[in-house]
Amino acid sequence: MNGYVIAGVLVAVIILLLATNKKLVETLKNIYKIEELRKRVFYTIGLLLVYRLGCFVVIPGINPNMLGTDSALANQMDSNALLGLLDVFSGGAFANAAILALGVMPYITASIIIQLLGIMVPAVQKLQKEGESGRRKMNQWTRLLTIGVLCIQGPAYVANLHMQMPQAFVYGGTFYFFAYATVILIAGTMFTMWLGERITDKGIGNGVSMIIMIGIVARLPQALLAEFTARVSTSTGSLIMFVVELALLFLVFMVSIAVIQAVRKVPVQYAKRIVGNKQYGGVRQYIPLKMNAANVMPIIFAQALVMIPAFIPGLQGAFSNMQGFWYNFTLAALVIAFTYFYTAIIINPQMMADDMKRNGGFIPGVKPGKQTVSYIDTIMTRITLPGSIFLALVAIMPGLAMKFLGVQQQFAYFYGGTSLLIMVGVVLDTLKQIESYLLMRHYDGLMKTGRIQGR
């Protein structure tokens, strides 16, 4: 009954928004009018539906009746923060023992390894600078490395599943079934990657990011229903607290959007050049330096490292509890450190200064060369500090919500961490993609002013 109440409220809110916002209705009509954009939107929706269907197809040889919210695997998702996060990223496929259980996370792991190799190995650095041919070769290496990662994660996932629910294995935990299930998991991840590439080429936005985002969003109704039921059915809960939680969640989303789009514009003046009868340069442009240049990567690295002490005897209790002090303190400290580390990797002041000097540009009041490098480096150091503190707060926000608000774990994931940043980032990128099509056809954008803020 509670599920119908929530569904009815959501439908009523959507109808109210459509009825009161004529500009939104007009924008949706404009999207439908542009044939190319309409095809891309429907194509993306179709492939995302295929992915969601695959999240419910159980690996053959595993009894689906043994799976559910009361199963040992589901209980493990609730008690282990890392496995719970993986289940959120896969849209529930991890707990469903589905053929797409591992999702695109092995591909993300392989991509991170390739990025780190690009920092440490000169040959990989050279390949990254070779343009389109280098990019294709790097993508091929990433795919091959993804298969290698899957050969490790696949058997580990099946072994953990057998340890939690041996009675669910119809044919027992034989070597042949382990190999057979691993091949299916590898094929499932490669198929998911193919869906992501199709969405990128013929759909809207980054397909891999959109698949992760749709998996996270797919868990929101279930988490919302569970939180609503817990609030109204227990003596300590109340409907008012549920409304307060939603208001705080909305506030967290708004602050995240503001910080993600925050940039420091460094003015750059280009010298005038007269070539024939034409004048080149002489204009002022800006270098947008993002406050959160590292995006979600520091949280991913930090969460991976903070789970290592959880496997050491004596430290399991302190580092496996999302509400514990040492877990959150260590996670916040690692996020701040990795934010500076990753920002230093992707932002190269020396290269930016050389490019400006090569094109006849300079920062007003700053001499070209070393002073320009020092100036850009100082700005990045200063704006990275509030960005790193923001990421640290986002990383520990789920634990704080569980400890001080009594929010359940599956709903607390939406208060922060990688889930929040991925949802906000992907939605903003998708809106910008749609807006670019609308503006090219001389239609207004998706926002009231006709342009998304921060563009």
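Residues numbered from 1 in each chain as written. Predicted model: local features only at pLDDT ≥ 70, side-chain atom pairs only at ≥ 80, totals over all residues. Heavy atoms only, no water.

S.K.: Looking at this structure, I do not really get the sheet that holds strand β5 (residues 361-362). What am I missing?
M.R.: Hydrogen bonds between backbone groups are what pair the strands of a sheet, and the pairing can be parallel or antiparallel. Strand order in this open sheet of three strands is β4-β1-β5, and the pairing throughout is antiparallel. In this open sheet, the two strands that pair with only one neighbour each are β4 (284-290) and β5. In terms of strand pairing, strand β1 (residues 263-270) meets β5 through two bridges, oriented antiparallel. Counted as the bridge partner of Tyr270 is Gly361 from β5. Packing against the sheet, helix α16 (residues 349-358) makes contact with β1, β4 and β5, and its axis sits at approximately 170 degrees to β4. Against the sheet, helix α17 (residues 370-404) contacts β1 and β4, and its axis sits at roughly 40 degrees relative to β4. (Pairing = 2+ DSSP bridges. Helix = DSSP H or I, 4+ residues; strand = E, 2+ residues; numbered from the N terminus. Contact = heavy atoms within 4.5 Å. Axes fitted to C-alpha atoms, helices over the stretch in contact; angles between N-to-C directions.)

S.K.: Is there a simple way to explain the packing of helix α10 (residues 207-218) against helix α19 (residues 417-440) in this structure?
M.R.: How two helices sit against one another is set out by the angle between their axes and by the gap between those axes. Their axes nearest at 9 Å, the elements α10 and α19 cross at an angle of 125 degrees. As judged from the angle between their axes, α10 and α19 are oblique. When the axes of α10 and α19 are compared, the crossing they make is left-handed. Together, Ser209, Met210, Ile212, Met213, Ile216 and Val217 of α10 and Ser419, Ile422, Met423, Val426 and Thr430 of α19 make up the contact between the two elements. Class assignment for the residues of the contact of α10 with α19 results in eight nonpolar, three polar and no charged. (Parallel < 35°, antiparallel > 145°, perpendicular 65-115°, else oblique. Left-handed = near helix turned anticlockwise from the far one by under 90°. Nonpolar A, V, L, I, M, F, W, Y, C, P; charged D, E, K, R; others polar.)

S.K.: Got a minute to help me understand the packing of aromatic side chains in this structure?
M.R.: The geometry of an aromatic ring pair comes down to the distance between the two centres and the angle between the two planes. Enumeration over the complete set of coordinates arrives at 11 aromatic pairs. Geometrically, the ring pair formed by Phe175 and Tyr176 is edge-to-face, given 5.9 Å between the ring centres and 75 degrees between the ring planes. Judged by relative accessible area, Tyr176 falls into the exposed class, the value being 69%. An angle of 20 degrees between the planes, with centres 6.1 Å apart, marks the rings of Phe191 and Trp194 as stacked. Remark: Trp194 and Phe191 occur in helix α9 (residues 175-202); sequence separation between them is three residues, near one turn of the helix. Residue classification places Phe191 among the partly exposed positions, given a relative accessible area of 35%. Every member of this aromatic cluster is reached through a ring pair, and the members are Phe169, Phe177 and Tyr180. (Phe/Tyr/Trp six-rings, centres within 6.5 Å; stacked < 30°, edge-to-face > 60°. Buried < 20%, exposed > 50% of the residue type's maximum accessible area, 1.4 Å probe, protein only.)

S.K.: How do you make sense of helix α6 (residues 105-120) when you look at a structure like this?
M.R.: End to end, α6 covers 23 Å across 16 residues, agreeing with the expected 22 Å (1.5 Å per residue, within 8%). By the burial criterion, the buried members of α6 are Met105, Pro106, Tyr107, Ile108, Ala110, Ser111, Ile112, Ile114 and Gly118. (Expected span 1.5 Å × (residues − 1).)

S.K.: Sorry if this is basic, but what is going on with α16 here?
M.R.: Because the α-helix completes a turn every 3.6 residues, residues three or four places apart line up on one side. Within the sequence span of α16, burial applies to Pro349, Met352, Ala353 and Met356. Summarising the axial view, the buried residues of α16 lie within an arc of 100 degrees, below the 170-degree limit, and thus occupy one face. Against the buried residues of α16 lie β1, β4, β5 and α17. (Arc of directions from axis to C-beta.)

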